[in-house]
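Residue strings, one per chain:
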Amino acid sequence: MFSLLRSMWLVFLHMFHKRETYQYPEEKAPLPARWRGRIALTRDPDGGERCVGCYLCAAACPVDCISLQAAEAPDGRRYPGFFRINFSRCIFCGFCEEACPTYAIQLLPDFEMAEYDRQNLVYEKEDLLINSQGKYPGYNYYRVAGMAISGKEKGEAQREEPPVNVRSLLP
Amino acid sequence: MEAHYWWIIGGVLFVLLNTAAGLIWLERRMLALWQDRYGPNRAGPFGILIVLADTLKLFFKEDWIPPFADKVVFVFAPAVVVASVLMAFAVVPFGPGIVVADMNIGILFFLAMSSLGVYSIVLGGWASNNKYALLGAMRGASQMISYEVFMGLALMGTVILSGTFNLGEIVEAQKGMWYIFPQLLGFVIFFIAGIAETHRLPFDIPEAESELVAGFHSEYSGMKFGMFFIGEYLGITLISSMIVTLYFGGWLGPAFLPGVIWFVIKTFVFIMVFILLRASMPRPRYDQLMEYGWKVLFPLSLLNLLGTAAIKLIIDK
């Protein structure tokens, strides 16, 4: 009986404790810098798109919310012709970010995407591209990859040796 | 009847139904405060318009009657609880002269009406034709029947001291001393029985949402569920006002406030205690509840009755 009264008293005292609630729309919860929310397409240091249209993100997506079409620029760079994410399906799992070989897809600390019209949740490439390098500053896929594009032949990438003519090595 | 009575009846109904609705907000707010939250605070000042929003929502819910239910009884049951509790309020003296029916058998009428509330639970659970509802109804019936026994017995202490069943006269008899002091044991027993009677936590065993879905009102939706809800809050108000009337001097209090205000203040204190109980107590097991009732409270209330009677006889001699 006494312990019941004591617990009632202790619960009563909670009236004067600090509230745990964030009054959300007015008072925002602090999000960590690497919080995984809305998906964005980052750019390389030169301002070009990082995405090379490899479809790995679309393959990794468990809810099939990513759709894209690869295209090739005259200089040999691949880029997505269109890149569309249906955020009414996206579950913010971050698998696309993990799958992306060029650090193009990154998840931002932003989750406030409520819309009155469902169609507005379908983001096109223009909506997804951000003017930032995201979590990997200084990374440029074509500078480190061995793929030849106009203005950069094979072997000219960073930390890459010129290709060896295997036939000239014959004994 | 004189116009005077119509005003009292109308006023009592108006205040009670609004109190019951307001308690929805008050309870959510207080529970939140005791759990370090804010509770509903958006709609209107302090979020009090949540009551309006909740009621509107209930009205727009699908009013579904299960095809396997006993339709007449199913519709009838929720009305019983509200009607019987409102009837019981007829004898509660809210202030000097402010009482709907100044009956000489006030306490007996209150006991009878609060017992009628069991019908609502039993009929609602039975008519739902659902095993959880039936289990809840069975629990509710046995809980309320057994706790009514010593609820009545605990009340007899005040009846012995005041020598009347009339609630107004009982309040008048407390002018010298509130009955909480000579009848502390009776008060504790009545309070515990009152919690069980309104089947509130920690004695919400007929509902027991973690075991029985929602107990006797599992199948109810829309405003029929709302009636059970209102009935529960009216029950809290009834038990609180009965505690105040019988043990805390009813409308009596220092003269700078009118009697009705004192009554309302005291009643609200006990409503708060009811909510605090819900915030802090775990639910006992069903057999523990029965054991506690019959093996502890029942003998204690008999002892209380005997002791009070003996002391009264000795003093009167």
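Quantities reported herein were computed from a predicted structural model and do not represent experimental measurements.

S.K.: Which parts of the structure should I look at to understand the overall build of chain B?
M.R.: Helix and strand content of chain B: 10 helices and 0 strands. Ordered by position in the sequence, the α and β elements of chain B form the string α-α-α-α-α-α-α-α-α-α. Expected size for 317 residues packed as a compact globule is a radius of gyration near 20 Å; at 20 Å, chain B falls within 12% of this value. With respect to the three principal axes, the spread of C-alpha positions in chain B is 65 × 45 × 45 Å. With 317 residues in all, chain B has 45% of them scored as buried. Partitioning the contacts of chain B with sequence separation of at least 6, the portion at a separation of at least 24 is 78%.

S.K.: Got a minute to help me understand unusual backbone geometry in this structure?
M.R.: Backbone geometry at A:Phe92 places phi at a positive 55°, although glycine is not the residue there. Counting through the fold element by element, A:Phe92 comes out in the loop between β3 (78–86) and α3 (95–99). You can call A:Phe92 partly exposed: it has 14 C-beta atoms within 10 Å. Within the chain, B:Asp36 stands out as a residue other than glycine whose phi angle is a positive 60°.

S.K.: I keep staring at the nonpolar core and nothing clicks. Help me out?
M.R.: In summary, soluble globular proteins display a tendency toward joint burial of nonpolar side chains. Counting residues in hydrophobic clusters, the biggest one holds 80 residues, and the most contacted among them are B:Val85, B:Phe150, B:Ala154, B:Phe190, B:Ala193, B:Leu234 and B:Ile243. When residues in this core are grouped by element, the largest group, 14 residues, is from helix α8 (residues 222–247) of chain B. Every residue in contact with B:Phe190, bar those within four places of it in the chain, is listed here: B:Met151, B:Ala154, B:Leu155 and B:Ile243. One finds A:Ile39, A:Ile105, A:Leu107 and A:Leu128 within the second-largest nonpolar core, a separate group that totals 22 residues.

S.K.: Which parts of the structure should I look at to understand the pairing of strand β2 (residues 66–72) of chain A?
M.R.: The side chains of a regular strand alternate between the sheet's two faces. Residues and elements named next belong to chain A. Both β2 and β3 contribute to a ladder of 7 bridges, which runs antiparallel. In the sheet register, Ala70 faces β3, and the bridge partner there is Pro80. Hairpin connection, β2 to β3: the antiparallel pair is bridged by 5 residues, and Gly76 has positive phi, about 95°.

S.K.: Help me understand the sheet that holds β2(A), please; the structure alone is not making it clear to me.
M.R.: Adjacent strands of a sheet pair through backbone hydrogen bonds, lying either parallel or antiparallel. Strands sit in the order β2-β3-β5 (chain A) across an open sheet of 3 strands; the sheet is antiparallel. Looking at strand neighbours, the two that pair on one side only are β2 and β5 (122–123) of chain A, the edges of this open sheet.

S.K.: Explain the confidence of the model for chain B here, please?
M.R.: Detailed reading of the predicted model is not advised wherever pLDDT is low. Of the residues in chain B, 100% have a pLDDT of 70 or more, and the chain-wide mean is 84. If you check the scores for this complex, the pTM reads 0.77 and the ipTM reads 0.73.

S.K.: What is the right way to read the interface of chain A and chain B from this model?
M.R.: Put simply, an interface is often sized by how much accessible area is lost when its parts join up. The partner chain B presents 11 residues to the 11 residues of chain A that form the contact. For the side of chain A that touches chain B, a count of residues per class yields 5 nonpolar, 4 polar and 2 charged.

S.K.: Sorry if this is basic, but what is going on with α8(B) here?
M.R.: Think of an α-helix as turning once every 3.6 residues; residues three or four places apart then point the same way. Residue and element names in this part refer to chain B. A rise of 1.5 Å per residue sets the reference length of α8, with its 26 residues, at 38 Å; its end C-alpha atoms lie 38 Å apart and thus fit the reference within 8%. Burial analysis of α8 places 23 of its 26 residues in the buried class, the great majority of the element. Just beyond α8, the residue with positive phi is Gly249, at close to 75°.

S.K.: Is there a simple way to explain helix α9 (residues 259–280) of chain B in this structure?
M.R.: Taking 1.5 Å of rise per residue, the 22 residues of α9(B) would be expected to cover 32 Å, and the 32 Å separating its terminal C-alpha atoms lies within 8% of that figure. Regarding α9(B), the residues found buried are B:Gly259, B:Trp262, B:Phe263, B:Lys266, B:Thr267, B:Phe270, B:Ile271, B:Phe274, B:Ile275, B:Ala279 and B:Ser280.

S.K.: Looking at this structure, I do not really get the packing of α8(B) against α9(B). What am I missing?
M.R.: When two helices pack together, their arrangement is captured by the angle between the axes and the distance separating the axes. Residue and element names in this part refer to chain B. As a packed pair, α8 and α9 sit with axes 8 Å apart at the nearest point and diverge in direction by 125°. Judged by the angle between their axes, α8 and α9 are oblique. Crossing of α8 against α9: the hand is right-handed. Note on element contacts: α9 touches α8 through Phe263, Lys266, Thr267, Phe270, Ile271 and Phe274, opposite Ile236, Thr237, Ser240, Ser241, Ile243 and Val244. Taken together, the residues of the contact of α8 with α9 break down into 7 nonpolar, 4 polar and 1 charged.

What counts, and at which threshold
- Residues numbered from 1 in each chain as written.
- Chains lettered and ligands numbered in written order.
- Predicted model: local features only at pLDDT ≥ 70, side-chain atom pairs only at ≥ 80, totals over all residues.
- Helix = DSSP H or I, 4+ residues; strand = E, 2+ residues; numbered from the N terminus.
- Rg over C-alpha atoms; globule rule 2.2 N^0.38 Å.
- Buried ≥ 20, exposed ≤ 12 C-beta atoms within 10 Å, placed from the backbone.
- Contact = placed C-beta atoms within 7 Å.
- Core = buried A, V, L, I, M, F, W, Y, C linked by C-beta atoms within 7 Å.
- Pairing = 2+ DSSP bridges.
- pLDDT = per-residue confidence, 0-100.
- Nonpolar A, V, L, I, M, F, W, Y, C, P; charged D, E, K, R; others polar.
- Expected span 1.5 Å × (residues − 1).
- Axes fitted to C-alpha atoms, helices over the stretch in contact; angles between N-to-C directions.
- Parallel < 35°, antiparallel > 145°, perpendicular 65-115°, else oblique.
- Left-handed = near helix turned anticlockwise from the far one by under 90°.

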